[in-house]
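# Survey of secondary and tertiary structure
The lines below spell out each chain.
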Amino acid sequence: MENDNRNTERITDLSYLGTICDGDQAFKREMIETFLNNTPSLINDMKLNLIEAEWKKIGDIAHKMKPSFTFMGIQTAKELILRIERQGRHLENTSEIHQMVFQLESICNEAFVELKEELDSL
Amino acid sequence: MPSDESIKIFIVEDDPVYLKFLQYVIGLNPDHDIKSFSNGNDALNALHERPSIITLDYSLPDKSGEEILKEIKDFDPNIPVIMVSGQEEIGIAVQLLKLGAYDYIIKDEETKERLEYALTNAKRNISLVKEINTLKQEITEKYEFGNSIIGNSVAIKRVFELMKKAIKTNITISITGETGTGKELVAKGIHYNSDRKNKPFIPVNISAVPKELIESELFGHEKGAFTGAVTRRIGKFEEADGGTIFLDEIAEMELSLQAKLLRVIQEREVTRVGGNSIIPIDVRLLVATHKNLAEEVKKGNFREDLYYRLLGLPIQLPPLRERDTDIILLAKYFLNSFCEENDMEGLTLSREAQEKLLKYHYPGNIRELKSIVELAAVMCNDTEVNADDINFSSPKSEENFAYQELSLKEYNDRIIDFFLKKYDNNVLKVAEVLDIGKSTIYRYLKDKTI
């Protein structure tokens with residue numbers, strides 16, 4: 001019961017990655033490590049582009065991030081990333097993008113903690 | 001370490017997480033020799049390594065997937081490029097497929113299965129292309145003059161000389177010769193040694209197609225053009241585009257169709273039956289007949305203007321009886337081929353068998369020789385084919401009779417012998433049929449006994 005509660009509160013869901021790995025823990029570890037190494041710099045790039053109001057570049061980075069979030073099962077970020085991608089690339093409601101990027105960073109920070117825990121358990 | 005069976009696959013992907021995923025999925029098959037690139041230019045610079053398959057991300061830092069795809073296709077249009085993209089717009093997918101992408105896979109939760117499926121199909125296609133190329137090579141080798149047309153007689157060497165001239169140009173070739181002299185073989189030899197060898201060779205035997213269908217067979221038809229035309233069908237001329245069409249037994253073509261053929265040859269375009277569109281064609285024309293076309297023109301059976309159009313470079317194939325010892329070369333070739341095809345021990349031809357073969361007239365030419373040799377191989381009870389194993393059974397045997405070039409006495413003896421057998425040694429009956437005296441027959445029998 002306690003375990004179920006913990007699952008519903010988690011941001012990441014590695015069941016899809018687990019299906020792909022099919023028991024290959026080394027590959028699972030590699031995927032998580034690569035995500036942890038790669039994503040912070042992408043978030044940082046987004047933030048730097050916010051300063052320059054380079055909305056299209058922000059949209060492109062969001063597009064690039066999208067598939068790796070699928071592997072980590074970060075569902076709460078999925079809609080957010082899609083909005084950043086669309087609004088950035090089409091220059092729609094750009095005033096909202098600033099807030100969305102920081103919201104994404106916050107979700108990612110929570111996800112990183114969970115993923116590091118996952119790595120420790122592997 | 002890639003094995004001999006390995007398939008080189010380039011992965012072009014700049015997202016490190018997705019690159020790991022693609023490497024893992026593609027690497028599950030140990031036969032895949034993977035090389036990864038994080039930008040388009042590096043991948044393009046490595047194309048000389050001849051990858052068998054490329055997976056290509058649409059959004060790369062240096063160039064768009066579309067640009068890279070075009071450059072890959074310019075380098076080698078046969079490399080299957082599987083686009084793997086986060087772009088879900090149908091328009092982009094359609095555009096890339098039009099440009100020659102092998103497949104378009106969206107990065108989602110079904111990517112693994114789709115990628116595996118696409119790779120399996122691409123590999124099957126590669127294997128089929130290899131098989132086709134091998135077969136093309138085999139066909140080319142098969143129809144090299146020396147391999148396909150056997151002989152070193154003066155008569156056949158003259159044909160080789162003309163064939164060599166024929167392959168250098170696109171001139172129409174008219175091949176004439178008796179039935180069974182190898183007209184289609186010569187036509188194939190010209191096609192498969194010409195610049196058109198990698199394009200289709202389409203043979204059409206005019207006399208074998210019903211008269212009411214020949215026009216649609218040659219030029220195609222549109223749906224509903226006539227009863228039974230339930231779908232559009234392209235004709236043999238369109239099928240042969242870029243290659244060669246071989247119209248055998250051209251003399252059998254009806255005059256009304258000859259006019260249409262003349263127009264096609266002059267205009268280099270066809271119109272399907274029941275259609276209005278004019279379709280340009282690039283086809284080399286080879287024609288053949290066992291008849292004398294000039295005679296057919298005189299008789300009014302063949303259009304004179306078409307005759308001159310078709311004449312081009314005429315190649316007259318000699319009948320087998322004029323090819324001297326080619327008969328033995330061909331007989332040995334057919335004998336070996338037959339033994340190989342039927343898993344038989346190799347057979348040789350005895351001296352007597354060779355002499356017997358050389359004396360015959362062959363009204364059915366090479367085709368007849370082949371069947372005679374094959375029958376001899378079946379009848380033979382030894383490792384050597386003897387004269388007794390060789391049987392001539394041409395329906396034109398009366399023509400053969402004179403070609404055996406025997407003395408008058410020998411002919412007389414043969415005739416008497418034939419009728420004695422026929423009438424069960426009834427001398428009276430044979431004398432009556434041949435209108436000769438009984439004594440002539442008795443004398444023959446006496447000489448034979450001696």
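Here's a quick rundown of the structure. The structure presented is a predicted model; accordingly, all values stated were derived computationally and were not measured.

### Details of a nonpolar patch on the surface
All names here are of chain B. Taken together, the side chains of Leu375, Val378 and Met379 present a nonpolar region at the surface, about 260 Å² in accessible area. Inspection of the secondary structure puts Val378 in helix α16 (residues 365–379). According to the relative accessible area criterion, Val378 is exposed, its value standing at 52%.

### A short note on the interface of chain A and chain B
Taken residue by residue, the interface counts 19 residues in chain A and 18 residues in chain B. Summed over both sides, the interface between chain A and chain B buries roughly 1,700 Å², with carbon and sulfur atoms accounting for 63% of that surface. Where chain A packs against chain B, one counts 3 salt bridges. At the boundary of chain A with chain B, the tally comes to 8 residue pairs in polar contact (both at pLDDT 80 or more). It is helix α4 (residues 55–72) of chain A that provides the largest number of residues to the side of chain A that touches chain B, a total of 7 residues. Considered class by class, the residues forming the side of chain A that touches chain B number 8 nonpolar, 6 polar and 5 charged.

### Here we look at the sheet that holds strand β4 (residues 81–85) of chain B
Residue and element names in this part refer to chain B. Judged by pairing direction, the sheet is parallel, and its 5 strands sit side by side in the order β2-β1-β3-β4-β5 without closing on themselves. Of all the strands in the sheet, the pair left with one neighbour each is β2 (32–37) and β5 (103–106). Each adjacent strand pair in this sheet contributes to an overall mean axis angle of 20°, direction not counted. Judged from the 4 bridges that link them, strand β3 (residues 53–57) and β4 form a sheet pairing that is parallel. Paired with Thr55 across the bridge in β4 is Ile82.

### A closer look at the pattern of salt bridges
Within the structure shown, the criterion is met by 41 salt bridges over all chains. Across the salt bridge formed by Lys107 of chain B and Glu13 of chain B, the nearest N and O atoms sit 3.0 Å from each other. Taken together, the positions of Lys107 of chain B in the loop between β5 and α5 (111–142) and Glu13 of chain B in the loop between β1 (7–12) and α1 (16–27) put the pair 94 residues apart, joining distant regions of the chain. Comparing Lys107 of chain B with Glu13 of chain B shows no difference in burial state: the two are buried. Of the charged contacts, one joins Lys236 of chain B and Glu217 of chain B as a salt bridge, the two residues approaching to 3.8 Å between their closest N and O atoms. One end of the pair, Lys236 of chain B, is in helix α10 (residues 236–239); the other, Glu217 of chain B, is in helix α9 (residues 211–219), with 19 residues separating them in the sequence. For Glu217 of chain B, a relative accessible area of 17% gives the class buried. Through salt bridges that share partners, Lys64 of chain A together with Glu13, Asp14, Asp57 and Lys107 of chain B make up one connected network.

### Digging into the packing of α1 of chain B against α5 of chain B
Residues and elements named next belong to chain B. Put simply, α1 and α5 touch, their axes get as near as 10 Å, and they point 50° apart. The orientation of α1 relative to α5 falls into the category oblique. Seen along the crossing, α1 lies across α5 with a hand that is right-handed. For the pair α1 and α5, contact is made by Tyr18, Phe21, Leu22, Val25 and Ile26 and by Thr111, Lys112, Leu115, Glu116 and Leu119, respectively.

### Observations regarding the pairing of β4 of chain B
The side chains of a regular strand alternate between both faces of the sheet. All names here are of chain B. With respect to burial, β4 is a largely interior element, 5 of its 5 residues being buried. Handedness of the β-α-β unit built from β3, helix α3 (residues 65–75) and β4 comes out right-handed. Relative to β5, β4 runs parallel, the two being bridged by 4 bridges. The partner of Ile82 across the bridge, within β5, is Asp103.

### Examining unusual backbone geometry
All names here are of chain A. Residue Asp22 is not a glycine yet carries a positive backbone phi of 50°. You can see Asp22 is positioned in the loop between α2 (15–21) and α3 (25–51). Positive phi is not limited to glycine here, since Leu91 has a value of about 50°.

### Details of helix α13 (residues 304–311) of chain B
Residues and elements named next belong to chain B. Those residues of α13 not exposed but buried are Leu306, Tyr307 and Leu310. Taken around the axis of α13, the buried residues stretch over an arc of 105°, which confines them to a single face. Structurally, α13 contributes buried residues whose contacts are with β6 (173–176), α11 (255–267), β13 (284–289) and α12 (293–299). Looking one or two places after α13, you find Gly312, whose phi comes out positive at around 40°.

Scoring rules and cut-offs
- Residues numbered from 1 in each chain as written.
- Chains lettered and ligands numbered in written order.
- Predicted model: local features only at pLDDT ≥ 70, side-chain atom pairs only at ≥ 80, totals over all residues.
- Heavy atoms only, no water.
- Patch = residues over 30% accessible without salt bridge, like charges linked within 9 Å, V, L, I, M, F, W, Y side chains within 5 Å.
- Areas by Shrake-Rupley, 256 points an atom, 1.4 Å probe, with all protein chains shown as cover.
- Salt bridge = Lys/Arg side-chain N within 4 Å of Asp/Glu carboxyl O.
- Helix = DSSP H or I, 4+ residues; strand = E, 2+ residues; numbered from the N terminus.
- Buried < 20%, exposed > 50% of the residue type's maximum accessible area, 1.4 Å probe, protein only.
- Contact = heavy atoms within 4.5 Å.
- Buried area = accessible area lost by both parts, 1.4 Å probe.
- Polar contact = N/O pair within 3.5 Å; in protein donor to acceptor, adjacent residues only side chain to side chain.
- Nonpolar A, V, L, I, M, F, W, Y, C, P; charged D, E, K, R; others polar.
- Pairing = 2+ DSSP bridges.
- Axes fitted to C-alpha atoms, helices over the stretch in contact; angles between N-to-C directions.
- Parallel < 35°, antiparallel > 145°, perpendicular 65-115°, else oblique.
- Left-handed = near helix turned anticlockwise from the far one by under 90°.
- Right-handed = clockwise from strand over helix to strand, strands pointing away.
- Arc of directions from axis to C-beta.

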